[in-house]
Amino acid sequence: GGGGGGGGGGFGAAHDRMRSVLKVAEGEAVYDMAWYPGMSSSDPSTCVFLTTSKDTPVHCWDAFTGEPRGSYCAYTDAEELDSALSLCFDNLGRNQVYCGFNNQIRVYDLSRPGRQHESIKTYKRANRQSVGQRGIVSCMAFNPDLSGLLAAGSYSRNVALLDAAGSGRLLYNLQGQRGGVTQA
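Quantities reported herein were computed from a predicted structural model and do not represent experimental measurements.

Enquirer: Where do I start with the nonpolar core in this structure?
Expert: In a soluble, globular protein the nonpolar side chains are often hidden away together inside. In this structure, L50, V58, L87, F89, V97, C99 and L110 are the most contacted members of the largest nonpolar core, which totals 16 residues. Of all elements in the fold, only β2 (48–53), β3 (58–62), β5 (86–89) and β6 (96–101) reach the threshold of two or more residues within this core. Ranked by the residues each element gives to this core, the list is headed by β6, at 3 residues. Other than its neighbours up to four places away in sequence, L87 contacts D32, M33, A34, L50, T51, T52, V58, Y98, C99 and M140. By size, the runner-up hydrophobic cluster in this structure holds 13 residues, among which are I105, M140, F142 and A160.

Enquirer: Just checking my understanding: could you explain the confidence of the model for the protein for this structure?
Expert: For residues with low pLDDT, the predicted coordinates do not support detailed interpretation. With 91% of its residues at a pLDDT of 70 or more, the protein has an overall mean of 87. Under a pLDDT of 50 for its full length, residues 1–7 has, in the predicted model, 9 contacts with residues more than four places off or in other chains.

Enquirer: Can you help me understand a nonpolar patch on the surface in this one?
Expert: A contiguous nonpolar surface patch, about 370 Å² in accessible area, is contributed by V30, M33, W35 and M39. Topologically, W35 is positioned in strand β1 (residues 30–35).

Cut-offs used in this document
Residues numbered from 1 in each chain as written. Predicted model: local features only at pLDDT ≥ 70, side-chain atom pairs only at ≥ 80, totals over all residues. Heavy atoms only, no water. Core = buried A, V, L, I, M, F, W, Y, C linked by side-chain atoms within 4.5 Å. Buried < 20%, exposed > 50% of the residue type's maximum accessible area, 1.4 Å probe, protein only. Helix = DSSP H or I, 4+ residues; strand = E, 2+ residues; numbered from the N terminus. Contact = heavy atoms within 4.5 Å. pLDDT = per-residue confidence, 0-100. Patch = residues over 30% accessible without salt bridge, like charges linked within 9 Å, V, L, I, M, F, W, Y side chains within 5 Å. Areas by Shrake-Rupley, 256 points an atom, 1.4 Å probe, with all protein chains shown as cover. Salt bridge = Lys/Arg side-chain N within 4 Å of Asp/Glu carboxyl O.

Structure, rendered in structure tokens:
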């Protein structure tokens, strides 16, 4: 039976021997994580990953030691901590961190932990018209062709295609999904 390595139970004995080699301590459930796309084990400076969880800043972790390398904080207009719900690194070599929030994406410089960021508004309302992608940015991914095209999914059942290499402007808003988009 099963597709695994031994017996009918799936993964078999090999799975039983697997042990965690790295643990990091997040205070709450993790919403999302992302590996640095240029990671190379022979270059420890590239061995990092990001996590975001409830009521915490985005954390950048050392993949060898589990020690934090930096935090990227977002605050509401009322100066309350705002947690990102999705994450991705840019794939253009600019070392930027993209963090999905409600109606916006905040972009941080990986080399400058803290609060400083740029905002890409995904939804705007002007003159009684709504433009863009409304709601929580639930997932993001860059086009692997290095064009800077960023796909951002939403729980509001659409996918925005953004020019992340330039102004961050909305190029297309693909609508009609049957449910919230959780993978881009």
